[in-house]
Amino acid sequence: MGLALGLLWLLGGFLRGAHGQGVYAPPAVRIMHSGQGCNVEEERYSERVFTIREGGTLELQCLVTGHPRPLVRWTKTVGGASDRQGSEAPPAQHNETLRIERISRHQGGRYYCKAENGLGPPAIHSIRVDVYYLDDPVITVHQSVGETKEQFYFERTVFLRCVSSSNPPVHYTWRRGRHALSQGSDAGVEIYEPFFTQGETKILKLKNLRPQDYAQYTCMASVRQVCGIGDKSALFNLNNRTAPPSIKLLLDDPLVVNLGESITLVCVVTGGEPAPSLRWVGPGGGPVPSRSVVQRGTLTIPAVTLQDAGPYSCLASNNVGNPAKRTTNILVRGLRKGRFWITPDPYHNDDNIQIGREVKISCQVEATPPEELQFGWLKNGRPLRSSERMVITHTDGEASPGATSLDIIDLKFTDFGTYTCVASLRNGGSPEISIDVNISSTTVPPELTVPRGRSHLVVQEGETVELQCLVSGKPKPIILWSRPEEGAGGPAPPLMPDGSAETESGDGLLRIGNVSRQLSGTYRCQTSQYNGFNVKPREALIQLVVQYPPVVEPAYTEVRQALGRAFSLTCSLLRAHPARLLRYEWKLGSRLLTVGELGERRHDTSYLVRALNREGYGEYTCDVTNEAGAGRCTFLVTGKAYAPEFYYDTPAALWQNRPRVFGFKLQWTQMEPDAVDQILAYRLGFRQMGQTRWWEQEIPMDRTIHKGELLTYNLTELVKPESYLVRLTPITRYGEGDATERVITYSAPVNPHLRQFQCGFEDEAMCLFSQDKTDQFDWTRHSAATRDTKYTPNTGPSTDHHGSKQGFYMYIETSRPRKDGDKARLLSPSFNVNANSATYCFAFYYHMHGKHIGALNVILRQKGAAVSEASVWSLIGNQGDRWRQAKVNIHPSTTFQMVIEGVRGPGIEGDVAIDDVAIEEGECKDPPPNNLRSLAPPPAPHIRQLCVTLSLALIGWQR
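Regarding its fold elements, the chain presents 0 helices and 73 strands. Summed over all atoms, the accessible surface of the chain reaches about 47,300 Å², with 49% contributed by carbon and sulfur.

Put into structure tokens, the structure is as follows:
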């Protein structure tokens with residue numbers, strides 16, 4: 001049936017594991033690194049630092065164990081050597097593999113892998129990533145001229161400063177022409193490193209400048225080829241014309257323009273060698289407006305707006321001395337915010353305007369530029385001049401904002417009328433502002449009141465509310481709204497709904513939309529001196545109460561229960577306003593269960609189900625209500641079984657039945673099997689990755705499953721060596737439960753019948769080789785192209801066995817925290833013995849170069865009633881910088897594996913590598929010279945049944 005999909009699978013036998021919770025285990029993690037790393041260096045406290053070149057690809061893999069399968073989370077803190085300018089930690093990533101392409105220097109730091117599965121504390125492992133880089137060096141030139149008082153001469157000293165940012169620290173070399181300069185090589189030259197620059201700067205000091213000092217200087221910056229980063233250099237030609245930049249602006253400062261005009265700023269270089277480069281910066285040191293046009297030293301801004309106003313600077317730099325800077329300020333003509341106020345006679349307590357007393361009218365306007373501001377006064381439309389009884393005064397023209405006043409002394413009936421304050425700019429460019437002020441017998445100071453019934457407002461959250469203060473008087477002033485402090489010495493007063501401390505209102509209304517509970521409190525309205533009388537402010541208070549529905553918990557929760565059980569559901573009140581007359585109502589779907597009230601001291605309500613039946617499954621709701629609305633707790637009561645938990649640590653889960661036909665041992669435990677009814681069966685779904693069609697079959701269960709019990713089902717006929725998606729769904733009397741999915745990935749050959757097996761480790765699956773979990777550390781898959789052996793000198797291969805730097809091999813990394821005697825064990829797939837052949841040839845290539853080489857051992861592991869292991873080949877110590885071949889005859893009598901064991905020596909120069917592992921049916925052909933043959937294995941059952949033929953290849957392979 002699956003031939004159309006290229007897939008034929010039959011579901012085989014069902015097995016059960018032991019009861020109890022033995023397979024449950026807390027998480028454990030290790031971090032493996034790959035990608036384009038340079039090296040794994042050692043640091044104090046047995047820590048590894050993974051170094052990578054900027055722009056490379058960082059790939060870290062978090063290898064986890066534990067059951068249930070732990071959830072993995074990657075996080076980062078700053079702290080790498082490349083974090084000198086600081087950086088922010090990236091958001092956490094939930095994936096076992098962390099991959100960062102084109103890594104930047106600020107992404108260095110400590111990366112943490114955190115694994116959790118609910119058993120015990122989380123497991124955390126970290127690795128520090130250091131990003132290497134080297135920026136182009138920059139040479140800057142500075143000079144000093146000092147005069148000696150007693151003697152009539154000048155000493156001119158020149159400093160050439162070379163600066164480059166790098167990681168690791170940069171090494172500088174200075175040259176004059178073709179000749180290297182060093183400290184002490186020339187009496188007129190001093191080379192030193194300022195203490196405060198921490199290795200980022202190197203200074204060449206030319207003392208009392210001489211003719212031979214006029215030359216071309218080269219600064220070489222190097223990190224000694226770390227990570228393949230090449231040297232970089234900078235040149236500077238020092239001559240008798242070398243000078244810092246100087247510039248001037250061909251325009252006025254400040255530059256006053258009208259709104260909408262186009263302006264051009266011109267910056268001209270007046271000196272400097274080498275020729276300086278120019279650039280413009282806008283207000284606040286930011287960029288110039290985006291629509292601006294910059295051509296060399298000319299900046300053009302079309303159609304100037306108010307936002308374009310501010311200082312503009314021209315900067316000139318040629319790396320000699322300090323950059324030159326010239327600034328001009330752009331002012332855009334305009335008049336804004338005209339206001340007025342009336343001041344009654346200050347020598348009387350009465351705030352009213354009365355005949356025979358003094359009254360003062362003040363007018364204020366904001367102007368740009370302030371010195372161009374001018375005022376004029378009109379009475380009833382006619383120009384008004386200053387006199388003995390009507391005194392016109394102006395503030396200083398450069399004061400901002402500018403103001404003018406009209407003092408009317410000994411007010412007469414004939415002085416009643418309309419007075420107009422007219423503000424304008426002398427040079428035009430902006431419309432004038434006119435402010436009318438009426439002085440008459442009806443001109444009276446303001447009074448402020450709150451409408452009846454509006455001083456205490458109660459609204460519900462989300463509504464729109466209007467706060468109102470009524471103001472009388474003529475003219476009516478602006479109303480200022482604010483929220484006063486709660487008490488003396490308390491916190492700062494709360495802000496208004498728009499985020500300001502104070503809000504203006506012309507009509508006395510404050511409208512708040514979508515009011516929230518945080519806006520409850522006291523609001524103050526008060527009169528302003530603006531547009532009214534300059535007298536003591538009148539004010540009033542309004543209390544706003546915002547009601548909101550009860551807040552309850554849990555908002556939503558799922559309850560899983562078996563039929564016939566008793567349980568209770570509880571809904572708890574957290575807060576509400578008002579917090580009285582609270583009612584609750586329990587429902588199952590639309591069916592009312594019970595109602596009641598919460599007393600003053602009662603903060604929760606519960607509903608008891610005495611014996612759950614099928615009709616009792618469904619959604620239970622509890623509504624707690626007050627005047628403002630209801631808060632709801634929702635409980636979904638279900639008999640749905642929890643998800644199965646796939647077991648990923650099954651040893652030898654994959655095997656081969658016959659050529660191109662494979663099997664897989666699928667194992668799992670059941671999450672909380674006692675929470676619901678007995679699981680009757682599992683539905684097993686299966687499809688090939690990349691295909692859409694599912695194949696399904698039910699696995700019946702004939703008894704109760706216990707928590708922690710390991711269940712097994714064999715998939716016996718997998719035709720194609722592809723990836724498959726497996727879905728497992730538990731089934732109870734309630735129906736289907738939560739499903740779990742996992743991917744089975746493998747590649748051929750898988751456990752052949754040993755006609756021939758070969759593995760060059762080119763595939764990431766490593767031909768199903770696996771790491772032994774009982775050892776101290778692991779073998780690492782690597783290629784010479786991604787491993788810089790310069791950082792572990794005199795050890796490790798420079799290519800794979802075939803001479804390719806891109807080819808892969810396996811090796812043991814012996815840097816700390818590895819200790820002398822630590823073992824790394826690599827396990828081959830399990831092989832079935834062919835009844836027609838009792839002898840097999842196991843062959844491989846090895847590379848054992850380094851003064852600290854430990855040992856390389858080959859072990860035959862057989863799986864009978866008990867697992868047995870026997871050493872069949874061993875070699876100790878440095879064997880030279882070349883690949884050699886080993887062949888050994890083995891005589892397994894049952895299913896077996898080969899174990900390749902690397903043992904760490906006394907130091908870090910002890911990396912052992914292997915490549916091109918092969919197993920062939922029959923004895924070894926063309927064994928290397930100097931081979932040793934052992935006797936046939938003794939038949940006694942208490943002695944390991946093993947026949948060993950040890951072959952050591954002394955013929956090295958070189959590229």
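Topologically, Glu645 is positioned in strand S52 (residues 644–646). A sequence separation of 63 residues divides Glu645 from Gly708, and the C-alpha atoms of the two residues are 9.8 Å apart. Aside from chain neighbours lying at most four places away, what touches Glu645 is Tyr24, His67, Pro68, Gln667, Trp668, Thr669, Gln670 and Met671. Among the polar contacts made by the side chain of Glu645, one reaches the side chain of Thr669 at a distance of 2.6 Å.

This part covers the pattern of salt bridges. Within the structure shown, the criterion is met by 41 salt bridges. Salt-bridge contacts for Glu558 lead to Arg560; the nearest nitrogen and oxygen are separated by 2.9 Å. According to the relative accessible area criterion, Glu558 is partly exposed, its value standing at 34%. Taking the relative accessible area as the measure of exposure, Arg560 reaches 9% and is therefore buried. One salt bridge in this structure joins Asp649 and Lys773, with 2.9 Å as the shortest N-O distance. On the criterion of sequence distance, the pair formed by Asp649 in the loop between S52 and strand S53 (654–658) and Lys773 in the loop between strand S62 (770–771) and strand S63 (780–783) is long-range, its members being 124 residues apart. With a relative accessible area of 22%, Asp649 lands in the partly exposed category. A cluster of three or more residues bridged by salt bridges with shared partners is formed by Asp772, Arg825, Arg861, Glu869 and Glu901.

What follows concerns the nonpolar core. Ranked by size, the top nonpolar core spans 35 residues in total, and within it Phe769, Phe844 and Leu856 carry the most contacts. Elements with a minimum of two residues in this core: strand S61 (756–759), strand S65 (823–827), strand S66 (840–848), strand S67 (855–863), strand S68 (867–876), strand S69 (884–890), strand S70 (896–903) and strand S71 (912–921). Excluding residues within four positions of it along the chain, Leu856 makes contact with Trp779, Phe844, Tyr846, Met848, Trp873, Ser874, Leu875, Ile900, Glu901, Val912 and Ile914.

A sheet is described by the order of its strands in space; here 4 strands give the open sequence S14-S13-S17-S18, paired in antiparallel fashion. Every other strand in the sheet has two partners, leaving strand S14 (179–181) and strand S18 (232–237) as the edge strands with one partner each. Direction aside, the axes of adjacent strands within the sheet are offset by 30° on average. Summarising the sheet, strand S13 (residues 171–176) and strand S17 (residues 216–222) pair through 6 bridges and their orientation is antiparallel. Of the residues in S17, the one forming a bridge with Arg175 is Thr218.

Our focus in this paragraph is the pairing of strand S29 (residues 373–379). The two faces of S29 differ: Leu373, Phe375, Trp377 and Lys379 on one face are buried, but Gln374, Gly376 and Leu378 on the other face are not. Looking at chain direction, S29 and strand S33 (residues 417–425) are connected through 7 bridges and run antiparallel. In the strand pairing of S33, Leu378 is matched with Thr420.

Another point: the sheet that holds strand S34 (residues 433–439). Overall, antiparallel pairing links the 4 strands, which are arranged S30-S29-S33-S34 in an open sheet. Each of the sheet's edge strands pairs with one partner strand only, and the pair in question is strand S30 (382–384) and S34. Neighbour-to-neighbour, the strand axes of the sheet open up by a mean angle of 35°, direction not taken into account.

The subject of this paragraph is the state of the cysteines. Overall, the coordinates contain 7 disulfides when judged by the stated rule. Paired through a disulfide, Cys363 and Cys421 show a sulfur-sulfur distance of 2.2 Å. In this structure the cystine formed by Cys363 and Cys421 twists about its S-S bond by roughly -80°; its chirality is therefore left-handed. Here the residue Cys363 occupies a position in strand S28 (residues 359–368), and Cys421 occupies one in strand S33, the gap between them amounting to 58 residues. Owing to a relative accessible area of 1%, Cys363 belongs among the buried residues under this scheme. What pairs with Cys841 in a disulfide is Cys924, and their sulfur atoms sit 2.1 Å apart. Between Cys841 and Cys924, the S-S dihedral sits near 100°, and the bridge is therefore right-handed. Taken together, the residues span a long stretch of sequence, with Cys841 in strand S66 and Cys924 in the loop between S71 and strand S72 (932–933) at a distance of 83 residues. The thiol sulfur of Cys622 is not disulfide-bonded, and the nearest other cysteine sulfur, from Cys571, lies at 3.9 Å.

The next thing to look at is the side chain of Arg105. Following the sequence through the fold, Arg105 ends up in the loop between strand S7 (97–100) and strand S8 (109–116). Looking at Arg105, its side chain comes within polar contact range of the side chain of Glu54, at 2.9 Å.

On to the packing of aromatic side chains. Within this structure, the stated rule accounts for 17 aromatic pairs. A centroid spacing of 5.8 Å and a plane angle of 25° characterise the contact between Trp586 and Phe635, whose relative ring orientation is stacked. Placement of the pair is Trp586 in strand S47 (residues 582–588) and Phe635 in strand S51 (residues 629–638), with a sequence separation of 49 residues. In this structure Trp586 comes out as buried when scored by relative accessible area, which is 0%.

The next point concerns the environment of Asp926. Structurally, Asp926 is set in the loop between S71 and S72. Taking C-alpha positions, Asp926 is 9.4 Å from Lys887, a pair spaced 39 residues apart along the chain.

Our next topic: the side chain of Ser783. Within the secondary structure layout, Ser783 lies in strand S63. Taking relative accessible area as the criterion, Ser783 reaches 2% and is therefore assigned buried. Discounting chain neighbours no more than four positions away, the residues touching Ser783 are Lys805, Gln806, Gly807, Phe808 and Tyr809.

Right, let's get into the confidence of the model for the chain. For the chain, the average pLDDT comes to 85, and 85% of its residues sit at 70 or higher. Note on residues 42–46: pLDDT is under 50 here. Beyond four places in sequence and across chains, it has 7 contacts. A low-confidence stretch, residues 80–89 (pLDDT under 50), is modelled with 30 contacts involving residues beyond four sequence positions or located in other chains.

All right, on to unusual backbone geometry then. Note on backbone geometry: most residues besides glycine have negative phi, and most peptide bonds are trans. Cis rather than trans, the peptide bond between His67 and Pro68 has omega equal to 0°. Residue Pro578 follows His577 across a cis peptide bond; omega there is 0°. A positive phi angle, close to 65°, is found at Asn319, a residue other than glycine. Mapping Asn319 onto the fold places it in the loop between strand S25 (310–317) and strand S26 (324–332).

What follows covers the environment of Val471. Summarising the element assignment, Val471 is placed in strand S38 (residues 470–474). With a relative accessible area of 15%, Val471 lands in the buried category. Note: C-alpha distance between Val471 and Glu447 (24 residues apart in sequence) is 5.5 Å. Residues contacting Val471, with those up to four places away along its chain left out, are Pro446, Glu447, Leu448, Lys476, Pro477, Ile479 and Thr527.

Procedures and definitions
- Within each chain, residue numbers correspond to sequence positions counted from 1 in written order.
- Confidence filtering applies because this is a predicted model: local features only for residues at pLDDT of at least 70, side-chain atom pairs given and counted only at 80 or more, and all residues used for totals across whole chains, interfaces and linings.
- In computing side-chain properties, one takes all heavy atoms of the structure into account and sets aside hydrogens as well as water.
- Segments assigned H or I by DSSP are reported as helices when at least four residues long, segments assigned E as strands when at least two residues long, and all are numbered from the N terminus.
- Accessible areas in this description were obtained via Shrake-Rupley with a 1.4 Å probe; residue shielding takes into account the shown protein chains only.
- Whether two residues are in contact is decided by their heavy atoms, any of which lying within 4.5 Å being enough.
- N or O atoms closer than or at 3.5 Å make up a polar contact, with two conditions inside protein: a donor-capable atom paired with an acceptor-capable one, and, for residues adjacent in sequence, both atoms drawn from side chains.
- The working definition used for a salt bridge is a side-chain nitrogen of Lys or Arg within 4 Å of a carboxyl oxygen of Asp or Glu.
- Remark: exposure states derive from per-residue accessible area (1.4 Å probe, protein chains only) relative to the maximum for the residue type, with buried under 20%, exposed over 50%, and partly exposed in between.
- Nonpolar cores are built from buried Ala, Val, Leu, Ile, Met, Phe, Trp, Tyr and Cys residues. Side-chain atoms within 4.5 Å join them into one set.
- The pairing criterion for strands is at least two bridges between them, as found by DSSP.
- Axis lines are fitted to C-alpha atoms, over the contacting stretch for helices. Their N-to-C directions set the angle, which ranges from 0 to 180 degrees.
- Disulfides are defined in this document as cysteine sulfur pairs within 2.5 Å.
- Between 30 and 60 degrees the pair is tilted, below 30 it is stacked and above 60 it is edge-to-face, where a pair is any two Phe, Tyr or Trp rings, Trp via its six-membered ring, whose centres lie within 6.5 Å.
- Predictor confidence is given residue by residue as pLDDT, running from a minimum of 0 to a maximum of 100.

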